Each structure stands twice: as structure tokens, then as C-alpha cells.
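Understanding the architecture of this molecule
Now for the letters of each chain:
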Amino acid sequence: MTQQNPPRITVVLAMSADGKIADVTKAPARFGSIADKAHLEQQIARSDAVLFGAQTLRAYGTTLTVSHRELLQHRLINGKPSQPIHIVISNSGDFNPDLRFFKQPVERWLISTATGAMFWQARAEFKRILVFETATGEVDIRAALQQLTILGIAQLGVLGGGKLVANLLELNLINEIWLTVCPLILGGFDAPTPVGGSGFLAKVAPRLQLMEVRTENQEVFLHYCLQQFPD
């Protein structure tokens, strides 16, 4: 059987000037401007699906949908549904079914382990549940993303959090990153950053190529492409 390539992955995050995506309480990060929200919506509208971790879902309780008329029209003209698929990835599957996310007008999928999927299997919140598990009992991210390609997902937006981004970087699966630098400083040893996990040594750290820089409303929008890991 031919192995499928994963979708093209674009990470989209906003962070403080000191590199935090939330404050020390891990509250929802709503410090981006209207311009940043519009930029995020544009990236979501480009995607066949968006992917985010359980902690991001718990923090926000909702997802951002496409609402701008021109973006909706562009999707429909190109034969796409008005909204991309919204996919939650979680080892545990432990989040509240009463979250407002489950009432939003989007198609929802879940990527989880056998244990994490168990609660949701007989419920209607997720239209599709994908179970891909490693020998250590965690989601097999590479296998899950290959399955997304089979299911027609060619362009995947990743909206956080830092642990998911770190896992994707370790697997060398990210193609591009959009970072919005917002004009505030959050600080805090425990405040989350765009990339969590155990970190990378400088000699083997993923390398970026700067593709675009623009400023708007005192925010800086940085667009990077990922280079291959150094030898």
C-alpha cells in the first residue's frame, strides 16, 4: 500500500512581544487586534480543515468560523463548503460536551486514542472519529495526518497549542508558520509559548526562512517557511 503524504500544514499563532501565546493563567489569548483576527480568518478560509489541541479547545470553548462575505464566496466558488472541517486532536478526549464549540455550525472531527475516543463513539458531536495510536498509548500524529490526506484534506491550518506545534515540528511536518507579534509583554515562567515540549538543541533546531514581514496596527506579521532539519 502506497504511503500518503500528510497535508500541507500552516501554523497560525499570535504572541506577545516576549513570545507568549497566553498569560500565566493560560486564559484565552484575546490580545490580538481586529487586523490579527481578520488575518486568522483568512488563513482559516484557505484551509480544508483546521486542527487544534484539547487544551486550546478547553481554553477558548469555541472556534473561529469564516464569516467575511468575500471569503465565504471564494470558498463556495471553489467548490468548498462554507466552513472548513474543525478537528480536535487529543490523547485523552477529555473535554466538556457542553462547550459552545459543539453548537457552532461546523463539521467536527476528533483524532484520538482508543481510550480517548470511547466516550464520543456513541455521541453525535463529532461526525468522524479517527483512532491512531502509538505503542506508548499516544496519538500517532503522522498516521493520522496521512489519513486526512486520504479523506481529502490537502491544506491544514494548525491553531495551537504549543504542545501540538512541538510534536509537528519534531516530525518535520510543518510547511509554514504565521506569527503575529502583538505589542504587549506577558512574562511568566509558566506562560505558554508557541512551541512547547522538551525543546530543541540549537544544533538540530528547525530552521526557518523568512518569506514576508508586514506591520499593521502596531502588530508585526511574520511569515516563515520551514527548511529541512540540518544534517
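All of the points below concern the structure found in this document. (Residues numbered from 1 in each chain as written. Predicted model: local features only at pLDDT ≥ 70, side-chain atom pairs only at ≥ 80, totals over all residues. Heavy atoms only, no water.)

**Regarding the pairing of strand 2 (residues 49-53)**
The buried count for strand 2 comes to five of five residues, which makes it a mostly enclosed element. Burial along strand 2 is two-sided: the residues Ala49, Leu51 and Gly53 and Val50 and Phe52 are all buried. Both strand 2 and strand 3 (residues 85-90) contribute to a ladder of five bridges, which runs parallel. Following the sheet pairing, Gly53 is matched in strand 3 by Ile89. Here three bridges tie strand 2 to strand 6 (residues 155-158), and the two strands are oriented parallel to one another. Within strand 6, the residue paired with Ala49 across the bridge is Leu156. (Buried < 20%, exposed > 50% of the residue type's maximum accessible area, 1.4 Å probe, protein only. Helix = DSSP H or I, 4+ residues; strand = E, 2+ residues; numbered from the N terminus. Pairing = 2+ DSSP bridges.)

**Observations regarding the nonpolar core**
Grouped together as the largest cluster of nonpolar side chains are 33 residues, with contacts concentrated most on Ile9, Leu51, Ile111, Leu145, Leu148, Leu168 and Ile174. In this view, Ile9 contacts Leu145, Leu156, Val158, Leu168, Leu173, Ile174, Asn175 and Glu176; residues no more than four positions away in its chain are not counted. Core analysis: the next-biggest nonpolar cluster, separate from the first, contains 22 residues, Val66, Val88, Phe101 and Leu110 among them. (Core = buried A, V, L, I, M, F, W, Y, C linked by side-chain atoms within 4.5 Å. Contact = heavy atoms within 4.5 Å.)

Worth remembering: the numbers are spatial, not functional.
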